[in-house]
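Structure at a glance
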Amino acid sequence: MRTTRTAAALLAACALAVVAGCSSSGGKEADGKPAGGGGEAAKTPRMKIAMVTHSGQGDTFWDIVQSGAEVAARKDNVDFLYAAHPEGKEQAQLIQTYIDQKVDGIIVTLAKPEAVGAVVKKAVAAGIPVVTINSGAEFSKGLGALSHIGQDESVAGEAVGEELGEQGKKKALCVIHEQGNVSLEARCAGVKKAFGGTVENLNVEGTNMPATTSSIEAKLQSAKDIDAVVTLGAPFAAASVKAKEGAGSTAEISTFDLNAEVVKRLKAKEITFAVDQQPYLQGYLAVDELWLNKVNGNVIGGGKPVLTGPALVTEKDVPALEKLTADGTR
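About the thresholds
Residues numbered from 1 in each chain as written. Predicted model: local features only at pLDDT ≥ 70, side-chain atom pairs only at ≥ 80, totals over all residues. Heavy atoms only, no water. Salt bridge = Lys/Arg side-chain N within 4 Å of Asp/Glu carboxyl O. Helix = DSSP H or I, 4+ residues; strand = E, 2+ residues; numbered from the N terminus. Buried < 20%, exposed > 50% of the residue type's maximum accessible area, 1.4 Å probe, protein only. Pairing = 2+ DSSP bridges. Axes fitted to C-alpha atoms, helices over the stretch in contact; angles between N-to-C directions. Contact = heavy atoms within 4.5 Å. 1 Å grid on protein atoms, 1.4 Å probe; cavity = no way out; pocket = protein on both sides within 12 Å on 5 of 7 lines; lining within 4 Å. Points joined across faces, edges and corners; volume = space filled by probe spheres on them. Disulfide = S-S within 2.5 Å. Expected span 1.5 Å × (residues − 1). Core = buried A, V, L, I, M, F, W, Y, C linked by side-chain atoms within 4.5 Å. Phe/Tyr/Trp six-rings, centres within 6.5 Å; stacked < 30°, edge-to-face > 60°.

A few words now on the pattern of salt bridges. It is possible for side chains bearing opposite charge to pair when their charged atoms get close. Counting across every chain of the model gives 14 salt bridges. K112 serves as the salt-bridge partner of E178, at 3.7 Å between the closest nitrogen and oxygen. Of this pair, E178 sits in the loop between β7 (171–176) and α7 (182–194) while K112 sits in the loop between β4 (105–109) and α4 (113–125); the two residues are 66 residues apart in sequence, bridging distant segments of the chain. Given a relative accessible area of 12%, E178 falls into the buried group. Residue classification places K112 among the buried positions, given a relative accessible area of 10%. The closest approach of N and O atoms between R265 and E261, which form a salt bridge, is 2.8 Å. One end of the pair is R265 and the other is E261, both in helix α10 (residues 260–267) and 4 residues apart, which spans about a single turn. A relative accessible area of 17% means that R265 is categorised as buried. Linked by salt bridges that have partners in common, K75, D76 and D288 make up one network.

Right under this line is the structure:
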């Protein structure tokens, strides 16, 4: 696994933070549950922490985020609440609901900061600490959040562009599965910045996988010179593989994010590489930060963004990842 230079130092800091938060069980859970942090619950007073994300239906990325958050919640004696909606207006309403419940902390994504920014500020003004994860890092501090946990999307996109250039690709298709998501747009912009060839963006209906597959297939049929397809989420990599077959294209597929299906397709060499931003860490560290801030006044990263990626994963990394992705922790 090749981690980009920009992320390497803070990835190490993330690892230290996770170790510091683990119990004496050494990260292994009892009762046959997957490893990944946890153990006996803290003796601190019970807290209630809520998370609101922009997840669409069937997006396995957010299952992994939740897995990390739930393990940290068990360790920290936290009642963890989760809600999601792909539309910004509904995300704002969900955040307001948790403000009204007077939770002890809120974790939010900033995929559409113009829609949720005001209510995030409202939470902070009400004395509820907020941690942002995954998207919209550049807006986090201005909204009053303790910190942001995720990857630098522009750097991640540039890593992909550089890799495609090294592979000798000439024309890439960057598939955006949620129009208006600032992080997805930053990824494609990063690819374009670092790639020596041409990059064309394609907006698809990410919540409708058959329609997504058809859109990618139609594009590959009409533009035979596309030799690389970059998807911005793990579920869409498989759709691109199917679209490639339907179009009779020779384009190679790469993707952001991991799940068991992506690792399977890396092994089969149907996907050339994936960008891992460690979503499990995003959920785990966000809950842990709110707990640590409450009981010990800590702010992970000193208020600066805490990077959980990116790292490029290839078929060489499959042996180390197969069980972890099957367990839902990578």
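The strand order β3-β2-β4-β5-β6-β12 describes an open sheet built from 6 strands, whose pairing is parallel. At either margin of the open sheet sits one strand with a lone partner, and together these are β3 (78–84) and β12 (306–309). Here the average twist between neighbouring strands, direction ignored, is 20°. Here 2 bridges tie strand β5 (residues 130–133) to strand β6 (residues 148–151), and the two strands are oriented parallel to one another. Residue pairing across strands places T132 opposite H148, the latter belonging to β6. The sheet strands contacting helix α2 (residues 60–75) are β2 (47–53), β3, β4 and β5, and the helix crosses β3 at an angle near 165°.

Attention shifts here to empty space enclosed by the protein. Per the counting criterion, the structure on display carries 1 cavity of 30 Å³ or more. Computed from the structure, the largest cavity encloses a volume of approximately 140 Å³. Taken together, 16 residues form the lining of the largest cavity, with H54, N134, H177, L184 and R187 sitting closest to its centre. Sorting the residues of the lining of the largest cavity by element identifies α2 and α7 as the ones contributing at least two each.

Before going further, it helps to examine the environment of E261. Owing to a relative accessible area of 31%, E261 belongs among the partly exposed residues under this scheme. Sequence separation between E261 and E322 is 61 residues; the distance between their C-alpha atoms is 9.7 Å.

Applying the stated criterion across every chain yields a total of 1 disulfide. Note on cysteine connectivity: C174 is disulfide-linked to C188, with sulfurs 2.1 Å apart. Its torsion about the S-S bond being -90°, the disulfide of C174 and C188 is classed as left-handed. Here C174 is found in strand β7, whereas its partner C188 is found in helix α7, with 14 residues between them in sequence. A single burial state applies to C174 and to C188, both of which are buried.

In this model α4 runs 17 Å from its N-terminal to its C-terminal C-alpha over 13 residues, within 8% of the 18 Å that 1.5 Å per residue would give. Of all the residues in α4, the buried ones are P113, V116, G117, V119, V120 and A123. Check the buried side of α4 and you find it contacts α3 (88–100), β4, β5, α5 (137–140) and α7. G127 lies just past α4 and shows a positive phi near 85°.

What follows is about the nonpolar core. I49, M51, I107, I133, I149 and V287 are the most contacted members of the largest nonpolar core, which has 28 residues in total. Put simply, the parts of the chain that give this core at least two residues each are β2, α2, β3, β5 and α11 (279–296). Not counting the four nearest positions on each side in its chain, I133 is found in contact with M51, W62, V65, I107, V108, T109, L110, H148, I149, Q282 and A286. Counting 25 residues, the second-largest nonpolar core is a separate cluster that includes V241, A243, A251 and L321.

With an omega of 10°, the peptide bond running from G309 to P310 counts as cis. Its location among the elements puts P310 in the loop between β12 and β13 (311–313). The phi torsion at K269 lies on the positive side, around 60°, for a residue other than glycine. In this structure, K269 sits in the loop between α10 and β11 (271–276). Using a relative accessible area of 65% as the deciding quantity, one classes K269 as exposed.

Moving on: the packing of aromatic side chains. For any pair of aromatic rings, geometry is given as the distance between the ring centres together with the angle between the planes. For the structure on display, the rule yields 2 aromatic pairs. Here Y280 and Y284 contribute two aromatic rings whose centre-to-centre distance is 6.3 Å and whose plane-to-plane angle is 25°, an arrangement assigned as stacked. Here Y280 and its partner Y284 are both found in helix α11, 4 residues apart, which amounts to about one turn of the helix.

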